[in-house]
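Okay, here's what each chain looks like letter by letter:
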Amino acid sequence: MHTVLVTGGLGFIGSHTVIALNENGYEVIIADNLANSKMEVLNRLEIITGKRFKFYNVDCCDESALRVVFEENTIDSIIHFAGLKAVGESVVMPYEYYSNNINSMLTVIKLMREYKVNNLVFSSSATVYGMSEDVPFTEESPLGICTNPYGWTKWMIEQILRDCSKAYSDLKVILLRYFNPVGAHESGLIGEDPRGIPNNLFPYISKVATGSLERLTIHGGDYDTPDGTCLRDYIHVCDLADGHVKAINYMAKLESGVDVFNLGTGKGTSVIEAVKAFEKACGHEINNVIGPRRSGDLPVCYASTDKAERLLGFKASRTIEDMCESCWNWQSKNPNGLPEDN
Ligand code: NAD
Ligand code: UFG
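Rules used in this analysis
- Residues numbered from 1 in each chain as written.
- Chains lettered and ligands numbered in written order.
- Predicted model: local features only at pLDDT ≥ 70, side-chain atom pairs only at ≥ 80, totals over all residues.
- Heavy atoms only, no water.
- Near = heavy atom within 4 Å.
- Polar contact = N/O pair within 3.5 Å; in protein donor to acceptor, adjacent residues only side chain to side chain.
- Areas by Shrake-Rupley, 256 points an atom, 1.4 Å probe, with all protein chains shown as cover.
- Helix = DSSP H or I, 4+ residues; strand = E, 2+ residues; numbered from the N terminus.
- Nonpolar A, V, L, I, M, F, W, Y, C, P; charged D, E, K, R; others polar.
- 1 Å grid on protein atoms, 1.4 Å probe; cavity = no way out; pocket = protein on both sides within 12 Å on 5 of 7 lines; lining within 4 Å.
- Points joined across faces, edges and corners; volume = space filled by probe spheres on them.

Asker: So what exactly am I meant to see when it comes to the site of ligand 2 here?
Answerer: Taken together, 19 residues surround ligand 2, and among them L201, H219, R232, R294 and D297 come closest. One nitrogen or oxygen atom from the side chain of N200 is found 2.9 Å from an oxygen atom belonging to ligand 2. At 2.8 Å, a backbone N or O of L201 approaches an oxygen atom of ligand 2. Compared with its free state, where it exposes 690 Å², ligand 2 has 88% of that area covered by protein. Listed by contribution, the elements that provide at least two residues to the shell around ligand 2 are α7 (201-210) and β8 (216-219). Class assignment of the residues belonging to the shell around ligand 2 gives a composition of 9 nonpolar, 7 polar and 3 charged.

Asker: Any chance you could explain empty space enclosed by the protein here in plain terms?
Answerer: Rolled over the atoms, a probe as big as a water molecule pinpoints where empty space is left. Throughout the structure, instances matching the rule amount to 2 cavities of 30 Å³ or more. There is about 70 Å³ of room inside the largest cavity. Around the largest cavity, the lining residues are V182, G183, E192, P194, F202, P203, S206, K207, C327, W330 and Q331. Among the residues making up the lining of the largest cavity, the classes are represented as 6 nonpolar, 3 polar and 2 charged.

Asker: It is not clear to me how the site of ligand 1 should be interpreted in this structure. Could you clarify?
Answerer: I13, D32, N36, S37 and Y150 are the nearest of the 26 residues found near ligand 1. Here an oxygen atom of ligand 1 sits 2.7 Å away from a polar atom, N or O, in the side chain of S37. One of the side-chain N or O atoms of N100 is found 2.8 Å from a nitrogen atom in ligand 1. In isolation ligand 1 has 820 Å² of accessible area, and contact with the protein removes 95% of it. For the shell around ligand 1, the secondary structure elements donating two or more residues are α1 (12-23), β5 (119-125) and α6 (149-167). Element by element, the count of residues in the shell around ligand 1 is highest for β5, at 3 residues. Its residues assigned to classes, the shell around ligand 1 shows 12 nonpolar, 10 polar and 4 charged.

Okay, here's the thing in structure tokens:
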């Protein structure tokens, strides 16, 4: 049995990936410090899969605590999701972002070397392409200048991993650059559960749809796009989760070194189109107003998906309607998110 350690496995993308790994015959161990997730996710995963996953409440920056996970298990591969991810927060808390994201990665690498774990998948982001308007982004597109500390942590960790894979000949690394993950598991038992007022589009729309927020502000309606609002490559989180399984499968074919894949759909959807699709899913209007542009927003961002399709055999199959329906199913069943841990 191939065992995968999923760091950040109680988070949004991690939890969906745990299900996909389990469905595909992988043994899963989860390590998460609950910085942005709740224990209830573990219960929900048990309801969905019928399995209680082995869970460690550890901070991946804490070497001695994380060592226990390596000591007690034989790990074949690691998917490193653990990290802080709020762009705006990273601007006001740069130290916390650099410290958490980079130290957790370095600690994982250190222990991987010590315990001879050679397969690593890292959660990167399309943000590493910077402010380029040369779309679609291919894996060969130049890396850009990031506009915030969060983005730089992804950029820097990619570089750290490229350097490590050159120096450590046994190490195999796959960098996955996600575009805009949205949606939720079809059960409606798990989904994106941000604390406080959301910054991202789908969590915000969801809260307007349930009535807990009054109105969506569309950030800019005067872009050079068909309806004047920004285009993004929204990808269903369950498709994204499948992409991780394909990456772990592909690792067996990779001799050594680092490889990188975009995970997106290759299609741009505007903010207005996303709102319309959500209105159809929830059956009522989403109160919205067009406001000024948000600084740092790219007008258009979508992936070239050719490489992932050709080498990983990955192609996202779920539509924007599927994303909205699943998001609404989750949100309407859990209007206040998951219960807090006691
Ligand atoms: P999330 O916040 O829901 O999940 C991250 C998980 O990591 C949380 O459960 C959190 O508690 C945990 N965590 C954070 N720091 C930790 C630490 N030091 N030790 C142990 N656990 C820790 O975020 P997500 O949306 O599931 O994102 C997962 C990964 O994908 C992140 O690295 C994120 O940067 C990356 N990513 C996300 C998006 C997106 O839009 N959601 C886009 C591109 C990349
Ligand atoms: N938007 C609004 N109103 C809102 C929220 C968002 O109009 O209240 C718009 C944004 O202006 C943007 C689009 O909806 O045009 C998507 O915005 P998100 O904040 O949901 O997503 P981003 O594309 O800005 O950012 C995402 C991830 C980042 C990652 C980035 C690049 O959240 O982590 O993609 O990959 F860095």
